[in-house]
Amino acid sequence: MTTAGRVPLFENARAVLIVLVVMGHSLEPLLAREPLARALYTALYLFHIPAFAFLSGHLSRAEWSRKSLEGIAWSLLAPLVIFQVLYVAFDAWVLGRGWSRHWLFQPYWVLWFLWSLACWRLMLPLLRRLPMPLGVSFAIALGAGLLPWVGYLFGLSRTLVFLPCFVAGHLARREWLLGVTPRRRALAVALFALLGGFVWAMTTGRLATPNPQWLYGSVSYSALGATALTGVATRLALLCCALVFTWAVFMLCPRNEGALTRLGGRSLAPFLLHGFVVRSVEKLGGYSVPHGPMGVMLVLLGGGILAVLLGHPLIVRATRPLWEPRRLFQRT
């Protein structure tokens, strides 16, 4: 355990995942022209958001106490409101994109996860009272795609689609996640090597790059042009793959406290702030420079560096009132 009572493995995993999130968003402006960017983006989105949901579920308690409800309000909903306003204003006044008609009802880009996490934590006590909560959550996720009106508004589709990952994380035994053997590590390495093979096949055109909307979990099956049966089967396969690779992430993350642990403890700042930087670089034409595989790798490296920089203690302290507004009231 760390001095703050946290498990280093979980903070290390959080750090790895936030770096992958920033890398993935950094690749988005290249998707239209770079096959390698599309392939890497697909690989990242196969597991990094489900893994975040899994980790969040493991660290969440199934309770509706006053303390837990206040925690949801202050740690998730308050920063959601603050950054929703900041990002929408940034879009309108800095990027010149105008005001979204749905900005009051649709979480902005990266912010959907805060809303979904709040919903998951509120739903968890109810799910735990049901028989087979994981099975129920899978049924909800698969059934959500059958409803044509479930989509981006209120982040409803993603909230329902990634619910099984959150519930699976909550139900996972601590010793199962902490325990690692050479055989398990070898299997995890083999899984990511296999994923690397799929990236190579997609880059070279030997394998078609799937529609990223499948990985976002943000729209119905009909919106994706799939039948009910195909949609259910595809979503089930994607969720199962996501959980398998989530397990692999935990098997490969270091168990000891170090630089990753410290970054993991400061991961909310990079998560909430990196969108401003990525969108600004895109607006200024920074993405017109990198081309080819080398350019894609430079963008990936830049995304990783950005995540680390935004997690620097100076940045965290300067921006903390935005994503921990409760501190302002505690001081007064």
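Being a predicted model, the structure only gives us computed values, none of them experimental.

K.L.:
Honestly, the side chain of serine 60 in this entry has me stumped. Any pointers?
P.N.:
Inspection of the secondary structure puts serine 60 in the loop between helix H2 (35-58) and helix H3 (66-94). Serine 60 gets classed as buried once you look at its relative accessible area, which sits at 10%. A distance of 2.6 Å separates the side chain of serine 60 from the backbone oxygen of serine 56, its partner in a polar contact. In this view, serine 60 contacts Arg121, Leu124, Phe166 and His170; residues no more than four positions away in its chain are not counted.

K.L.:
In this structure, what is going on with the nonpolar core? I would like to understand it.
P.N.:
The tendency in soluble globular proteins is for nonpolar side chains to be buried as a group. Judged by nonpolar contacts, the single largest core of 92 residues is most densely connected at Leu27, Phe83, Leu111, Phe113, Trp120, Phe250 and Phe271. Top element by residues in this core is H2. It accounts for 16 residues. The contact partners of leucine 111, leaving out residues within four places of it in the chain, are Leu80, Phe83, Gln84, Tyr87 and Leu272. By size, the runner-up hydrophobic cluster in this structure holds 6 residues, among which are Leu142, Trp214, Val219 and Tyr221.

K.L.:
So what exactly am I meant to see when it comes to the packing of aromatic side chains here?
P.N.:
Each aromatic ring pair is specified by the distance between its two centres and by the angle formed by the two planes. For the coordinates displayed, the defined rule picks out 21 aromatic pairs. Ring centres of phenylalanine 83 and phenylalanine 276 lie 6.5 Å apart, and the angle between their planes is 45 degrees; this geometry places the pair in the tilted category. Residue phenylalanine 83 is located in helix H3, and its partner phenylalanine 276 is located in helix H13 (residues 268-283); the two are separated by 193 residues in the primary sequence. As far as burial versus exposure is concerned, phenylalanine 83 and phenylalanine 276 are alike and both buried. Taken together, the ring pairs in this structure connect Phe52, Trp112, Phe113, Trp120, Phe162, Phe166 and Phe271 into an aromatic cluster. One Lys or Arg, arginine 279, reaches over the ring of tryptophan 109 and ends 3.8 Å from the middle of that ring.

K.L.:
Help me understand the environment of isoleucine 18, please; the structure alone is not making it clear to me.
P.N.:
Tracing the chain through its elements places isoleucine 18 in helix H1 (residues 8-27). The sequence separation of isoleucine 18 and aspartate 91 amounts to 73 residues, and the corresponding C-alpha distance is 23 Å. Leaving out residues up to four positions away in the same chain, isoleucine 18 has contacts with Phe52, Ser267, Pro270, Phe271 and Ala307.

K.L.:
Explain empty space enclosed by the protein here, please?
P.N.:
Any empty space left between atoms is shown by rolling a water-sized probe over those atoms. A full pass over the atoms with the stated rule returns 1 cavity of 30 Å³ or more. In this structure, the largest cavity encloses a volume near 100 Å³. Lining the largest cavity we find Tyr45, Leu46, Pro50, Val161, Phe162, Trp214, Leu215, Gly217, Arg235, Leu238, Leu239 and Ala242. The set of elements that each furnish at least two residues to the lining of the largest cavity consists of H2, helix H10 (212-216) and helix H11 (228-252). Looking at the lining of the largest cavity element by element, the count peaks at 4 residues for H11. By residue class, the composition of the lining of the largest cavity is 10 nonpolar, 1 polar and 1 charged.

K.L.:
What is the right way to read the packing of helix H9 (residues 182-203) against H11 from this model?
P.N.:
Two measures define how a pair of helices packs: the angle their axes make with one another and the distance between the axes. Two elements in contact, H9 and H11, have axes whose closest approach is 9 Å; the angle formed by their N-to-C orientations is 125 degrees. Viewed along their axes, H9 and H11 adopt a mutual orientation that is oblique. Between H9 and H11 the crossing geometry is left-handed. Packed against H9, whose contacting residues are Arg184, Arg185, Leu187, Ala188, Val189, Leu191, Phe192 and Leu195, the element H11 presents Val244, Phe245, Trp247, Ala248, Val249, Met251 and Leu252 at the interface. Grouping the constituent residues of the contact of H9 with H11 by class yields 13 nonpolar, no polar and 2 charged.

The rules we used
Each chain carries its own residue numbering, running from 1 in the written order of its sequence. With the structure being a predicted model, the display of local features is reserved for residues of pLDDT at least 70 and the display and counting of side-chain atom pairs for 80 or more, all residues being used for whole-chain, interface and lining totals. Excluding hydrogens and water, the side-chain figures rest on all heavy atoms present in the structure. Only DSSP runs of H or I reaching four residues or more are called helices, and only runs of E reaching two or more are called strands; each is numbered from the N terminus. Each residue's exposure class comes from its accessible area (1.4 Å probe, protein chains only) as a fraction of the maximum for that residue type: buried when under 20%, exposed when over 50%, partly exposed otherwise. N or O atoms within 3.5 Å of each other form a polar contact, as long as, within protein, one can give a hydrogen and the other can take it, and as long as residues adjacent in sequence are counted only when both atoms are side-chain atoms. Any two residues whose heavy atoms approach within 4.5 Å at even a single point are treated as in contact. For the purposes of this section, nonpolar cores are sets of buried Ala, Val, Leu, Ile, Met, Phe, Trp, Tyr and Cys residues that join through side-chain atoms within 4.5 Å. Put simply, two rings from Phe, Tyr or Trp (the six-membered ring, in Trp's case) pair if the centres are within 6.5 Å, and we call them stacked under 30 degrees between planes, edge-to-face over 60, tilted for the rest. Here, over-ring charges are defined by two tests on the NZ atom of lysine or the CZ atom of arginine: distance to the ring centre within 6 Å, and angle to the ring normal within 35 degrees. Lining residues are those with an atom within 4 Å of a point, where the points come from a 1 Å grid over the protein atoms alone and group into cavities, where a 1.4 Å probe fits but cannot get out, or pockets, open sets with protein on both sides within 12 Å along at least five of seven lines. Grid points are joined across faces, edges and corners, and a volume is the space filled by probe spheres set on the points. Three residue categories are used. Nonpolar comprises Ala, Val, Leu, Ile, Met, Phe, Trp, Tyr, Cys and Pro, charged comprises Asp, Glu, Lys and Arg, and polar comprises the others, including Gly. What counts as an axis is a line fitted to C-alpha atoms, over the stretch in contact for a helix, and the angles between N-to-C directions run from 0 to 180 degrees. The labels follow the angle: roughly parallel below 35 degrees, roughly antiparallel above 145, roughly perpendicular from 65 to 115, and oblique for the rest. Two helices cross in a left-handed way if the nearer one is turned anticlockwise from the farther one by less than a right angle. They cross in a right-handed way if the turn is clockwise.

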